[in-house]
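Take a look at the letters that make up each chain.
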Amino acid sequence: MSGVGENQLISIVPDELKFLFELEKQSYCDLKVANKTDSYVAFKVKTTSPKKYFVRPNTGVIQPWDSCIIRVTLQAQREYPPDMQCKDKFLLQSTIVPPHTDVDELPQDTFTKDSGKTLTECKLKVSYISPSTTQRSSDSGATNGDGTGSDTISTIQRLKEERDAAVKQTQQLQHELEMVKRRRNQANSGLSLKLAALVGLIGLIIGFILKLTLASPT
């Protein structure tokens, strides 16, 4: 991992992304990124597989000695990777920016390497945990009577809860989007009916006026 040492601008916890992997289900992992300097630090998250992961926020600015949470969501997959091995990697770049800089004000070349800029890079590996591994760990922990199995179970349980929460949040957002679409369609339908009624009323008035004009003596 590059960017490790006394000159490191940020710290990242955990140092490896672990996802509970189940077919057709999302899973996510949270990263806590802390600014270890007296300066404002901008960061950007990159991955070797951008279509598989959803990162929010993927770019940001952290105030001195402050921290933020980055949520990395593994999209639902249709097939298992070979031997449950993941070769995906993440790269978190960070650099010092002027005080009170907003993320929308970052120049396009903020994370471009050049001679006059200090750019720190931290590489993160990705690993998948399968439900079958959870079961084997549970059985092993029960047999050996040590705390290893229980620790693994608690980790898996936490990952499951986080994944379920992410799925629930996604479903809620989809429901809210459908409600907005329905309200918009209803508003457009109501406007069309009002317009039709207005046109019909105008037609009746014009017809009445023409009838009076034709009926009046010349």
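The rules behind each value
Residues numbered from 1 in each chain as written. Predicted model: local features only at pLDDT ≥ 70, side-chain atom pairs only at ≥ 80, totals over all residues. Heavy atoms only, no water. Salt bridge = Lys/Arg side-chain N within 4 Å of Asp/Glu carboxyl O. Helix = DSSP H or I, 4+ residues; strand = E, 2+ residues; numbered from the N terminus. Buried < 20%, exposed > 50% of the residue type's maximum accessible area, 1.4 Å probe, protein only. Pairing = 2+ DSSP bridges. Axes fitted to C-alpha atoms, helices over the stretch in contact; angles between N-to-C directions. Contact = heavy atoms within 4.5 Å. Core = buried A, V, L, I, M, F, W, Y, C linked by side-chain atoms within 4.5 Å.

On inspection of all chains with the given rule, the structure shows four salt bridges. Between Asp88 and Lys52 there is a salt bridge whose closest N-O contact spans 2.7 Å. One end of the pair, Asp88, is in the loop between β7 (67-74) and β8 (89-97); the other, Lys52, is in the loop between β4 (40-47) and β5 (53-56), and 36 residues separate them in sequence. What makes Lys52 partly exposed here is its relative accessible area of 23%. Lys113 is the partner of Glu121 in a salt bridge, and the nearest nitrogen-oxygen pair spans 3.5 Å.

Pairing in this open sheet of four strands is antiparallel, and the strands run β1-β3-β7-β5 from one edge to the other. Every other strand in the sheet has two partners, leaving β1 (10-13) and β5 as the edge strands with one partner each. On average, each strand axis in the sheet is inclined to that of its neighbour by 20°, with strand direction left out of account. The pairing of β5 with β7 spans four bridges and is classified as antiparallel. By the bridge assignment, Val55 is partnered in β7 with Val72.

Take the side chain of Ser94 next. Counting through the fold element by element, Ser94 comes out in strand β8. Sequence-distant contacts of Ser94, that is, excluding residues within four places in its chain, are made with Leu9, Ile10, Val41, Ala42, Phe43, Thr118, Leu119 and Thr120.

Glancing now at the nonpolar core. Formed by 25 residues in total, the largest nonpolar core has its most connected members in Phe19, Tyr53, Ile70, Val72 and Phe90. Only β1, β2 (16-20), β3 (27-35), β4, β5, β7, β8 and β9 (119-129) provide two or more residues apiece to this core. With four residues, the single largest contributor to this core is β9. Look past the residues within four positions of Phe90 in its chain and what remains in contact with it is Leu17, Val45, Lys46, Thr47, Tyr53, Val55, Val72, Cys122, Lys123, Leu124 and Val126. Within the second largest apolar cluster, six residues are counted, among which are Tyr40, Ala42, Leu106 and Leu119.

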